[in-house]
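Reading the structure
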Amino acid sequence: MRNTTYGLALALMLGWLLWIGKPVLLPVIAAAISVYVLSTAAAGMEGMPVLGRLPGWARRTVILIVFAVAVVLLFVLVINNLAQVAAALTRYEANLAALATRGAGLLGIEDEPTWENLRRTTIDRIDMAGLITPALRGLQGFGFTLFLVVLYASFLMAERGVMARKLMIAMGGEEAGLRALSLMARINDRIGSYLFVKTVVNVILGALSYAIMLVLGIEFALFWAVLIAFLNYIPYIGSIVGVIFPVLLSLAQFGTLWMAGIVMVSLTAVQMFVGGWLEPRMMGRAFNLSPFVVLLALAFWSALWGLPGALLAVPMTASLILVLAEIQATRPLAVMLSATGRV
């Protein structure tokens, strides 16, 4: 009973620290997970004709520069698209109002006095311009967080070479140090491989989605393609949410249900192809996590950190299970959290 009480108190304290420490911990953890992807990409460059001849530090520097440029381009893309959306809001409002009027006519309530009252209290009260203002205010914090992620990732990449030696000294012995290094190697291999392959899969998904939206004439296709690829890091629900936004935009842009249906069917077909066929063949050995544990991790980290927590939930939970499996007292818990019972 005492151990249970202590464990519950410790869990509550850790949860409070994670919640209150979000501004500090989130960029650090995001940078650490980014380093996994960058290090795996740098290691994969060894097989390239020219870049493979570069020393390790040079390959890591090239990858880090590419990462920094990609982050800057992402920030510029978000700013430009928000400005364009703000300029198109008047047209979107008119299309939605026309669609609602046609729907009322089909239902036979167009001439009813209550329809105008209903419209004034629903559609006409939606201040779409007011929705952009909080997003613009949040860009400052978003940009600062991206800057911290790049900065922390740079320092973490620079210190990877001496991490093994410092860990051996910190553990106080060769046997304990080698065991810690073995654990870190397993974590690095599992998380690095998963995130790198997942990133490649998401890039393919984003490219296919961009091509479809470009053919269909969806505005801001590049932005929505990046959002779809980004949200696909979230298991189960990310792909669904990623499709909803372009569908809603197509509804506001064209003002017709059939066009929104075409967009939904097309993007859903791409999601099913990538998620059901391409990703399993590229992923190989995925994280050994129970589906229920994945959902629980998503709920927990989303409640603590919102969308960033949902994106980081799977790699952080998988790392925790690997650590628990190495400790004799907590190994049964790691077995229960796994999908197959093998950790």
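Quick caveat, the model's predicted, so the values are computed rather than measured.

Right, let's get into the overall build of the chain. The helix and strand tally for the chain stands at twelve helices and zero strands. Put simply, the chain has 343 residues, and 37% of those count as buried. Partitioning the contacts of the chain with sequence separation of at least 6, the portion at a separation of at least 24 is 69%. For the chain, the computed accessible surface area is about 19800 Å², with 72% contributed by carbon and sulfur atoms.

A few words on the packing of aromatic side chains. Applying the stated rule across the entire model yields five aromatic pairs. Taking 5.1 Å as the distance between ring centres and 80° as the angle between the ring planes, the aromatic pair formed by Phe300 and Trp301 counts as edge-to-face. Look at Phe300 and you get partly exposed, because its relative accessible area is 41%. Grouping aromatic residues by their ring pairs yields a cluster made of Phe223, Trp224 and Phe245.

On to the nonpolar core, then. With 30 residues, the main nonpolar core has Leu195, Trp301 and Trp305 as its most contacted residues. Looking at this core, the elements that each hand over two or more residues are α2 (22–44), α6 (174–216), α10 (291–305) and α11 (307–326). Here this core gets eleven residues from one element, more than from any other, and that element is α11.

For any two helices packed against each other, one specifies the crossing angle of their axes together with the interaxial distance. Here helix α7 (residues 221–231) crosses helix α8 (residues 238–254) at 165°, and the two axes come no closer than 8 Å. If you check the angle between α7 and α8, you find them roughly antiparallel. The crossing of α7 and α8 is right-handed. In contact with Trp224, Leu227, Ile228 and Leu231 of α7, α8 contributes Gly238, Ser239, Val241, Gly242, Phe245, Pro246 and Leu249. Counted by class, the contact of α7 with α8 contains eight nonpolar, three polar and no charged residues.

Looking now at the environment of Trp305. Assignment of secondary structure puts Trp305 in helix α10. Distance in space between the C-alpha atoms of Trp305 and Gly21 is 10.0 Å, their sequence separation being 284 residues. Ignoring anything within four residues of it in the chain, the contact list for Trp305 reads Leu18, Trp19, Lys22, Leu25, Leu26, Ile29, Leu312 and Met316.

Now for the confidence of the model for the chain. With 76% of its residues at a pLDDT of at least 70, the chain reaches an overall mean of 76. Taking the mean pLDDT of every element in the chain, the minimum, 48, falls on helix α4 (residues 113–121) and the maximum, 88, on α7.

The next thing to look at is α10. The first and last C-alpha atoms of α10 sit 21 Å apart over 15 residues, in line with the 21 Å expected at 1.5 Å per residue. Within α10, burial applies to Val293, Val294, Ala297, Leu298, Trp301, Leu304 and Trp305. Projected down its long axis, α10 shows its buried positions confined to an angular sector of 140°, all on one face. What points out from α10, more than 90 degrees from its buried face, is the exposed set Phe292, Leu296 and Ala303. Positive backbone phi, at 70°, marks Gly306, one or two positions downstream of α10.

Looking now at a nonpolar patch on the surface. Taken together, Tyr236, Ile237, Ile240, Val241, Ile244, Phe245, Leu248 and Leu295 make up a surface patch of nonpolar side chains, about 720 Å² in accessible area. Here the element with the most residues in the nonpolar patch is α8; it accounts for five residues. Among the secondary structure elements, Leu248 is positioned in helix α8.

Even without glycine at this site, Phe220 takes up a positive phi of about 60°. The residue Phe220 is located in the loop between α6 and α7 in this model.

Considering the arrangement of structural elements, one finds Ser209 in helix α6. Setting aside residues no more than four positions away along its own chain, Ser209 makes contact with Ile228, Leu267 and Val270.

Bringing the side chain of Arg59 into the picture now. Mapped onto the fold, Arg59 is located in helix α3 (residues 56–107). The class for Arg59 is buried, based on a relative accessible area of 10%. A distance of 3.0 Å separates a polar atom in the side chain of Arg59 from the backbone oxygen of Ala42. Among residues more than four places away in sequence, those in contact with Arg59 are Ala42, Met45, Glu46, Leu51, Gly52 and Leu54.

What follows is about the side chain of Gln271. Structurally, the position occupied by Gln271 is in helix α9 (residues 257–283). Setting aside chain neighbours within four positions, we find Gln271 in contact with Leu205, Ile228, Asn232, Ser239, Val243 and Gly276.

Cut-offs used in this document
Residues numbered from 1 in each chain as written. Predicted model: local features only at pLDDT ≥ 70, side-chain atom pairs only at ≥ 80, totals over all residues. Heavy atoms only, no water. Helix = DSSP H or I, 4+ residues; strand = E, 2+ residues; numbered from the N terminus. Buried < 20%, exposed > 50% of the residue type's maximum accessible area, 1.4 Å probe, protein only. Contact = heavy atoms within 4.5 Å. Areas by Shrake-Rupley, 256 points an atom, 1.4 Å probe, with all protein chains shown as cover. Phe/Tyr/Trp six-rings, centres within 6.5 Å; stacked < 30°, edge-to-face > 60°. Core = buried A, V, L, I, M, F, W, Y, C linked by side-chain atoms within 4.5 Å. Axes fitted to C-alpha atoms, helices over the stretch in contact; angles between N-to-C directions. Parallel < 35°, antiparallel > 145°, perpendicular 65-115°, else oblique. Left-handed = near helix turned anticlockwise from the far one by under 90°. Nonpolar A, V, L, I, M, F, W, Y, C, P; charged D, E, K, R; others polar. pLDDT = per-residue confidence, 0-100. Expected span 1.5 Å × (residues − 1). Arc of directions from axis to C-beta. Patch = residues over 30% accessible without salt bridge, like charges linked within 9 Å, V, L, I, M, F, W, Y side chains within 5 Å. Salt bridge = Lys/Arg side-chain N within 4 Å of Asp/Glu carboxyl O. Polar contact = N/O pair within 3.5 Å; in protein donor to acceptor, adjacent residues only side chain to side chain.

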